[in-house]
Amino acid sequence: MSLRDEIGKIVAELSLEPREKGGVFLLEKVVAEREAFLTRKKLVYSARVALDDKEKTLTFSESLKETGFGLSMDSDSDMTPGFGFKAETYRTRAGPREGTIEEQSNLFGKTYNYSFDFAKIRGRFEALAERAGYAFRYKIF
């Protein structure tokens, strides 16, 4: 099985939404969602995987992105104000983020009881690179 096929298998097992653009795999998953009267916000995990077959390197990057759109209600100050949309991105600056992302739960104005493990996804790709004889590099794209 080729390395690209192995990536497809991991993507399917982790329920990630894949796209490929310019040789880079773009992977996304909605972590949390909030809907209120005419307003919606989403927190999306995004990862990018790039293969360099000549250098035998798998490069990995990950981030969180918050998007929202719609009308806000005066009593709901955490939702997007007025018509339009807002997008924010939270990157894992100096290196990989460890564990779960419970700290992001306040983005939607109430506490969500979700658990999302960055390290699990990153670990699967790191193990794949090792098995295939590729070097694993963590990098912000």
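Residues numbered from 1 in each chain as written. Predicted model: local features only at pLDDT ≥ 70, side-chain atom pairs only at ≥ 80, totals over all residues. Heavy atoms only, no water.

K.L.:
Sorry, what's going on with the environment of arginine 40 here?
P.N.:
One can find arginine 40 in strand β3 (residues 39–52). The sequence separation of arginine 40 and phenylalanine 69 amounts to 29 residues, and the corresponding C-alpha distance is 5.7 Å. In terms of polar contacts, arginine 40 uses its side chain to reach the side chain of glutamate 33, at 3.4 Å. (Helix = DSSP H or I, 4+ residues; strand = E, 2+ residues; numbered from the N terminus. Polar contact = N/O pair within 3.5 Å; in protein donor to acceptor, adjacent residues only side chain to side chain.)

K.L.:
Looking at this structure, how should I read the nonpolar core?
P.N.:
A general feature of soluble globular proteins is that nonpolar side chains tend to end up buried together. Judged by nonpolar contacts, the single largest core of 25 residues is most densely connected at Ile7, Leu27, Tyr45, Val49, Phe60, Ile121 and Phe125. Mapped by element, the contributors of at least two residues to this core are α1 (3–13), β2 (24–36), β3, β4 (57–70) and α2 (118–132). Setting aside anything within four residues of it in sequence, one finds isoleucine 7 in contact with Phe25, Val49, Leu51, Phe125 and Leu128. (Core = buried A, V, L, I, M, F, W, Y, C linked by side-chain atoms within 4.5 Å. Buried < 20%, exposed > 50% of the residue type's maximum accessible area, 1.4 Å probe, protein only. Contact = heavy atoms within 4.5 Å.)

K.L.:
Just checking my understanding: could you explain the pattern of salt bridges for this structure?
P.N.:
Opposite charge on two side chains permits pairing when their charged atoms draw close. As enumerated under the stated definition, the model contains 5 salt bridges in all. In this structure, arginine 131 and glutamate 6 form a salt bridge, with 3.8 Å as the shortest nitrogen-oxygen distance. Residue arginine 131 is located in helix α2, and its partner glutamate 6 is located in helix α1; the two are separated by 125 residues in the primary sequence. Judged by relative accessible area, arginine 131 falls into the exposed class, the value being 58%. The class of glutamate 6 is buried, set by a relative accessible area of 18%. In this structure, glutamate 33 and arginine 40 form a salt bridge, with 3.4 Å as the shortest nitrogen-oxygen distance. A relative accessible area of 35% means that glutamate 33 is categorised as partly exposed. (Salt bridge = Lys/Arg side-chain N within 4 Å of Asp/Glu carboxyl O.)

Interpretation in functional terms is not warranted from these geometric data alone.
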